Amino acid sequence: MASQIDGFLMSSRGSGGAGGKNVTMAASKKKDPIDYRRLNIGSSFLRAAFDTLNEVCSNSSAATGRELLAHNHIPVAKMILVGFVNVGKKQRLETKKNANFGLPVVNWTNILSVCFASGDLELKRLCFELCVLHASHTSAKSLVDFFVAKMSMVVDAGAGGDGDFVVRREFAFGKDGVGKLLELAGLYSGDGSADSCITVAPSKVLEILQSVVYFVYFDGSVKDMIKLSEVFDSHLNGPNKAAGLPDSLVKLKTDILNLLCEAYLSLPESPDSLHQITVIRRLVHTIFISETPQTTALLLQHILNPEAWNSKHIWALFQILEFTDTQAPWILTSHITRLFVNKDHLVVRILQFLVSQQEFQFDARPVSCVSATLTYLRYSITSKPKTDPD
């Protein structure tokens, strides 16, 4: 049955005004239509599926006296929501892009509120997935609002019950949470273009990211740190990293990088696992690909300052040296040249530092400074272009 609904929705994608009308309504910030009455009741499977789901949720609310889905209606709601979710998933596979083709605009507030308030975790996940797949600058405002509201509560275990917290945490720290938020902010384009479409106010995005970054890097698990650092690295250094961003997005990106600088400083001086090394390398790459006053201060006061060096900084230094030639902004290379003549001289200074520190000399652990040195040397050897013998 779910596959039939999925097929019906796919076949009705072309009808129902999913093109320019969506853009117009999103741009003018009009309220979402309450239903799909503009579609033909006799031939639109999209309207039939939505009306059925809306009716189930409305009847359940009326019967229970509150926004709560009746137990016997949960299988029906799941079946229909799966169809809506699968439309977005199939579109991603067909286009090989993380793009939204856009469902015709309609108000999802009642459906999402009632379904998410149920005690069924799978139904909660489907609600979140629906927003992740379909919320965009041309989508229904209710999808964006629901997604932003749940992301705002992502670190609050007491809001909405333990089930809500579990589901929010599943999505929050990866590409479907923070990654989607950066896309809606206009800092990342899911379709690979360099266009910036601001759907969520930068101030709101920063507010959410502040709570997420502080939660993850100061109190979270290493697994969450890796997931979050990877999504920042991929989304802040995507097509939209080029010059030409509006001032509001330049400021937002700078503020996010400042948060990541704080996150880097909060990490232990002596990493004790390869996972922590991964976090350090991802953060350093994200922070120093884009130059800001805060990242420059971090670079000069800690990363390039031998008096402050520790195991964390050694790993950071070698990561910087790996991408300096091809990806780093000119100012980063300029700082290295000014303080150390060139990269090779910096490497020699690091080696001198390691030899002078007795505790580093015989540490053969994978997280040691010796391992950091060997990792960089292997990279240097394998990355050099091969030359034909004379």
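Per chain, residue numbering runs from 1 following the sequence as it is written. Given that the model is predicted, a residue must reach a pLDDT of at least 70 before its local features are reported, and side-chain atom pairs must reach 80 or more before they are shown or counted; all residues, however, enter totals for whole chains, interfaces and linings. Excluding hydrogens and water, the side-chain values take into account all heavy atoms of the structure.

## Brief notes about the pattern of salt bridges
For step 1, the next point in the chain: Put simply, a salt bridge is a Lys or Arg side-chain nitrogen that is within 4 Å of an Asp or Glu carboxyl oxygen. Counting across every chain of the model gives 13 salt bridges.
For step 2, the next point in the chain: The closest approach of N and O atoms between D35 and R37, which form a salt bridge, is 2.9 Å.
For step 3, the next point in the chain: Think of it in three bands: residues with accessible area under 20% of the maximum for their type are buried, residues over 50% are exposed, and the middle band is partly exposed, with areas taken using a 1.4 Å probe on protein chains only. Exposure remark for D35: the relative accessible area of 17% places this residue in the buried category.
For step 4, the next point in the chain: On the basis of relative accessible area, R37 is assigned to the exposed category, the value being 57%.
For step 5, the next point in the chain: Of the charged contacts, one joins K204 and E207 as a salt bridge, the two residues approaching to 3.3 Å between their closest N and O atoms. Here K204 and its partner E207 are both found in helix α10 (residues 202-219), 3 residues apart, which amounts to about one turn of the helix.
For step 6, the next point in the chain: In this structure K204 comes out as partly exposed when scored by relative accessible area, which is 27%.
For step 7, the next point in the chain: Because the salt bridges share partners, they merge into one network encompassing K78, D120 and E122. We count a stretch as a helix when DSSP gives it H or I for four or more residues in a row; a strand needs E for two or more, and each element gets its number in order from the N terminus.

## So, the confidence of the model for the protein chain
A low pLDDT means the predicted coordinates there should not be read in detail.
For step 1, the next point in the chain: Think of pLDDT as the predictor's per-residue confidence, scored from 0 to 100. Confidence in the prediction of the protein chain, expressed as mean pLDDT, is 81, and 78% of residues score 70 or more.
For step 2, the next point in the chain: Under a pLDDT of 50 for its full length, residues 12-28 has, in the predicted model, 26 contacts with residues more than four places off or in other chains. The contact criterion used is simple: two residues touch if any of their non-hydrogen atoms lie within 4.5 Å.

## Observations regarding the packing of aromatic side chains
For step 1, the next point in the chain: Only centres within 6.5 Å qualify two rings of Phe, Tyr or Trp (six-membered ring in Trp) as a pair; their planes then separate them into stacked at under 30 degrees, edge-to-face at over 60, and tilted for everything else. For the structure on display, the rule yields 11 aromatic pairs.
For step 2, the next point in the chain: Ring geometry for Y36 versus F50: centroids 5.1 Å apart, planes at 65°, classification edge-to-face. Of this pair, Y36 sits in the loop between α2 (20-28) and α3 (45-64) while F50 sits in helix α3, placing them 14 residues apart in sequence. The burial state of Y36 is the same as that of F50; both residues are buried.
For step 3, the next point in the chain: Geometrically, the ring pair formed by F318 and Y376 is stacked, given 5.2 Å between the ring centres and 25° between the ring planes. Of the two residues, F318 is situated in helix α15 (residues 311-323) and Y376 in helix α19 (residues 369-383); the sequence distance between them amounts to 58 residues. Both residues of the pair, F318 and Y376, belong to the buried class.
For step 4, the next point in the chain: Among the aromatic residues, those joined into a cluster by ring pairs are Y36, F50, F84 and W108.
For step 5, the next point in the chain: We count a charge as sitting over a ring when the NZ of a lysine or the CZ of an arginine lies within 6 Å of the ring centre and within 35 degrees of the ring normal. Just above the ring of F116 sits the side chain of K124; from NZ or CZ to the centre is 4.9 Å.
For step 6, the next point in the chain: In this arrangement the basic side chain of K312 is found over the ring face of Y264, its NZ or CZ atom lying 4.6 Å from the centre.

## Digging into the environment of E262
For step 1, the next point in the chain: Topologically, E262 is positioned in helix α12 (residues 247-266).
For step 2, the next point in the chain: C-alpha separation for the pair E262 and Y214, spaced 48 residues apart in sequence, amounts to 8.9 Å.
For step 3, the next point in the chain: In contact with E262, not counting residues within four places along its chain, are Y214 and F218.

## Focus on the environment of H235
For step 1, the next point in the chain: With respect to the helices, strands and loops of the structure, H235 is situated in helix α11 (residues 222-236).
For step 2, the next point in the chain: The buried category is assigned to H235, whose relative accessible area is 6%.
For step 3, the next point in the chain: Sequence separation between H235 and L187 is 48 residues; the distance between their C-alpha atoms is 7.3 Å.
For step 4, the next point in the chain: Discounting residues that sit within four places of it in the chain, H235 has contacts with K175, G179, L182, L187 and Y188.
For step 5, the next point in the chain: Here S234 takes part through its side chain, which lies 2.9 Å from a polar atom of the side chain of H235. Distance and chemistry together define a polar contact, namely a pair of N or O atoms within 3.5 Å, with one atom able to donate a hydrogen and the other to accept it when in protein, and with adjacent residues in sequence counting only for side-chain atoms on both sides.

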